[in-house]
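Residue-level listing of the chains:
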Amino acid sequence: MSIRADNLVWKIGSKTIVNDVSLIVSPGEMLGLLGPNGSGKTSLLRLLAGLKRPLSGQVTLDGQNIDKIRRRTIAQRVALIEQHATTNANIKVVDVVKLGRFPHRSMFSGWTGEDDAAVNDALARTELTAKRNDSWQSLSGGEKQRAHLARALAQSPKELILDEPTNHLDVHHQVSLLRLVSELPVTSIIALHDLNHAAMFCDRLLVMQAGKVVAFGTPEDVLTRELLRDVFCVDAHVTRSPYHGKPLVHFER
Ligand SMILES: Nc1ncnc2c1ncn2[C@@H]1O[C@H](COP(=O)(O)OP(=O)(O)OP(=O)(O)O)[C@@H](O)[C@H]1O
């Protein structure tokens, strides 16, 4: 087991935002988190990353309660890319990616060859090598998004948590980001709105509605005409793609 959540509840005032959510994600698995706007995906991801404390229930990493793990130890293994991640400082792209190495460095250790290798590899995987010395402010929205992924990869995480990382990306970079994440030897939990991308790349899907889990299983089991109508309020037909064999959602017009 890599990440596990048991009966998580999180509220704002009297409003329950995450309502009794339990899940288990195995090492190396890619879990897609789906749900309409406001269904609680971001809130759940923040609980799973240890950024928020649940009102009740618990998150465990390899069996250990995340509340009992030092922040630095969590940062050495869990990387989170938030939906509206911003970096305002006037620094170079490579410096943003280098931030990912911080949890791995002690007060006394200098910058090592291993740090350099991790940063260079992360830049290459996100197709940003040519932009490494550009100023952060000069990047487009999609390039910034990829640089945030590069920073997360440089962190060499065991668990990667991504909140709608394909926003702002052109179709080539959407597909290459999802392919990259699916091929990484890490456990990943990824909030997505594109159902076909989720079906193509994720091992399992968890669907939220009004804070609750309403479906959790393989893309084939989860993406049904009934669920799409009941949860997403769309009429659609689901077939199997002749090209990649995964479910393919055709929306009715
Ligand atoms: N800090 C906050 N203060 C008040 N309400 C909040 C806060 N954070 C989240 N919410 C509410 O909690 C609910 C779930 O929000 P959340 O961002 O987790 O949903 P989401 O599924 O990620 O949505 P989206 O798909 O639009 O990104 C929403 O109704 C939102 O308004």
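What counts, and at which threshold
- Every chain is numbered independently, its residues counted from 1 as its sequence is written.
- Local features in a predicted model are, by the rule used here, given only for residues with pLDDT of at least 70; side-chain atom pairs are given and counted only at 80 or more, and totals for whole chains, interfaces and linings are based on all residues.
- Calculation of side-chain values draws on the structure's entire complement of heavy atoms; hydrogens and water are dropped beforehand.
- Ring geometry is summarised as follows: Phe, Tyr and Trp rings, the Trp one being its six-membered ring, pair when their centres sit within 6.5 Å, and such pairs are stacked at plane angles under 30 degrees, edge-to-face over 60 and tilted between the two.
- Consider the ring centre and the ring normal. A charge sits over the ring if Lys NZ or Arg CZ is within 6 Å of that centre and within 35 degrees of that normal.
- Simply put, an axis is a line fit to the C-alpha atoms, just over the touching stretch for a helix, and the angle between two N-to-C directions goes from 0 to 180 degrees.
- Put simply, DSSP marks the helices as runs of H or I at least four residues long and the strands as runs of E at least two long, and each gets a number from the N terminus on.
- Take the far helix as your reference; a near helix turned counterclockwise from it by less than a right angle gives a left-handed crossing, and one turned clockwise gives a right-handed crossing.
- Residue contacts follow a heavy-atom distance rule, with two residues in contact if any of their heavy atoms lie within 4.5 Å.
- Asp, Glu, Lys and Arg are counted as charged, while Ala, Val, Leu, Ile, Met, Phe, Trp, Tyr, Cys and Pro are counted as nonpolar; the rest, among them Gly, fall into the polar class.
- Note on pairing: two strands pair once DSSP finds at least 2 bridges between them.
- Under the rule applied, a polar contact is a pair of N or O atoms within 3.5 Å (in protein, one hydrogen donor and one hydrogen acceptor; residues adjacent in sequence only if both atoms are side-chain atoms).
- With a 1 Å grid laid over protein atoms only, a set of points is called a cavity when a 1.4 Å probe fits there but cannot get out and a pocket when it is open yet has protein on both sides within 12 Å along at least five of seven lines; lining residues have an atom within 4 Å of a point.
- Grid points are joined across faces, edges and corners, and a volume is the space filled by probe spheres set on the points.
- We call a residue near a molecule or strand whenever a single non-hydrogen atom of that residue lies within 4 Å of it.
- Throughout, the Shrake-Rupley method with a 1.4 Å probe supplies accessible areas, and for residues the shown protein chains are the sole cover considered.
- Each residue gets one of three labels from its accessible area relative to the maximum for its type: buried under 20%, exposed over 50%, partly exposed in between, using a 1.4 Å probe on protein chains only.
- Among the buried residues, those of types Ala, Val, Leu, Ile, Met, Phe, Trp, Tyr and Cys that are joined through side-chain atoms within 4.5 Å form a nonpolar core.
- Per residue, pLDDT captures the predictor's confidence, and it can take any value from 0 to 100.

- An unreviewed UniProt entry lists the chain under the name ABC transporter ATP-binding protein, with Allorhizobium terrae as the source organism.

## Quick look at the packing of aromatic side chains
- As enumerated under the stated definition, the model contains 0 aromatic pairs in all.
- Taking the ring centre of Trp-111 as reference, the NZ or CZ of Lys-98 above it sits at 5.1 Å.

## Focus on the packing of helix H4 (residues 113–125) against helix H5 (residues 141–154)
- Running from amino to carboxyl end, H4 crosses H5 at an angle of 145 degrees, the nearest separation of the two axes being 8 Å. Considering only the axes of H4 and H5, their crossing is right-handed. On H5, the residues touching Ala-118, Val-119, Ala-122 and Arg-125 of H4 are Ala-150, Leu-153 and Ala-154.
- Counted by class, the contact of H4 with H5 contains 6 nonpolar, no polar and 1 charged residues.

## Looking at the pairing of strand S1 (residues 3–12)
- Note that S1 and strand S2 (residues 15–25) share 8 bridges and pair antiparallel. The partner of Ala-5 across the bridge, within S2, is Leu-23.
- Turn length for the S1-S2 hairpin, with the two strands adjacent in sequence and antiparallel, is 2 residues, and the turn residue Gly-13 shows positive phi of about 60 degrees.
- Of the pairings in the sheet, the one linking S1 to strand S4 (residues 56–61) comprises 5 bridges and is antiparallel in character.

## Describing the side chain of Ser-2
- One can find Ser-2 in the segment before S1.
- Looking at Ser-2, its side chain comes within polar contact range of the side chain of Thr-187, at 3.0 Å.

## Some points on the side chain of Thr-126
- Residue placement: Thr-126 occurs in the loop between H4 and H5.
- Those residues in contact with Thr-126, other than ones at most four positions away along the chain, are Arg-146, Leu-149, Ala-150, Leu-153 and Leu-180.

## Things to note about the layout of surface pockets
- The calculated volume of the largest pocket comes to roughly 280 Å³.
- Forming the boundary of the largest pocket are 12 residues, of which Leu-51, Arg-71, Val-78, Leu-80 and Gln-155 lie nearest the centre.
- Those elements giving two or more residues to the lining of the largest pocket turn out to be helix H2 (71–77) and strand S6 (78–81).
- Grouping the amino acids of the lining of the largest pocket by side-chain chemistry returns 8 nonpolar, 1 polar and 3 charged.

## Considerations on the sheet that holds S2
- The strand order across the open sheet built from 4 strands is S2-S1-S4-S5, with neighbouring strands paired in antiparallel fashion. Of all strands in the sheet, those bounded by a partner on one side alone are S2 and strand S5 (64–65).

## Topic: the site of the ligand
- Surrounding the ligand, one finds 14 residues, the nearest of these being Asn-37, Gly-38, Lys-41, Thr-42 and Ser-43.
- In this structure, an oxygen atom belonging to the ligand sits 3.1 Å away from a main-chain N or O atom of Ser-39.
- A distance of 2.7 Å separates an oxygen atom of the ligand from a polar atom in the side chain of Lys-41.
- Taken by itself the ligand offers 640 Å² of open surface, and the protein chains cover 62% of this.

## Let's talk about the environment of Ser-56
- Considering the arrangement of structural elements, one finds Ser-56 in strand S4.
- Given the relative accessible area of 35%, Ser-56 is considered partly exposed.
- Sequence-distant contacts of Ser-56, defined by excluding residues within four places in its chain, comprise Asn-7, Leu-8 and Val-9.

## Re the nonpolar core
- Residues Leu-34, Leu-149, Leu-160, Val-207, Leu-228 and Phe-232 are the most contacted members of the largest nonpolar core, which totals 48 residues.
- With 6 residues, the single largest contributor to this core is H5.
- Once residues lying within four places of it in the same chain are set aside, the contact partners of Leu-34 are Lys-41, Leu-192, Leu-195, Ala-198, Leu-205, Leu-206, Val-207, Met-208, Leu-223 and Phe-232.
- If you look at the next biggest cluster of nonpolar residues, it comprises 28 residues, including Ala-5, Leu-45, Leu-48 and Ile-69.

## So, the confidence of the model for the chain
- Confidence in the prediction of the chain, expressed as mean pLDDT, is 94, and 97% of residues score 70 or more.
- Both scores are available for the predicted complex, with the pTM at 0.93 and the ipTM at 0.95.

## Looking at unusual backbone geometry
- Not every positive phi belongs to a glycine, and Asp-62 is a case in point at roughly 45 degrees.
- Residue Asp-62 is classed as partly exposed on the basis of its relative accessible area, which comes to 40%.
- For Ser-156, which is not glycine, the phi torsion reads 50 degrees and is therefore positive.
- Position of Ser-156 relative to the elements: it lies in the loop between H5 and strand S7 (159–163).
- A relative accessible area of 40% places Ser-156 in the partly exposed class.

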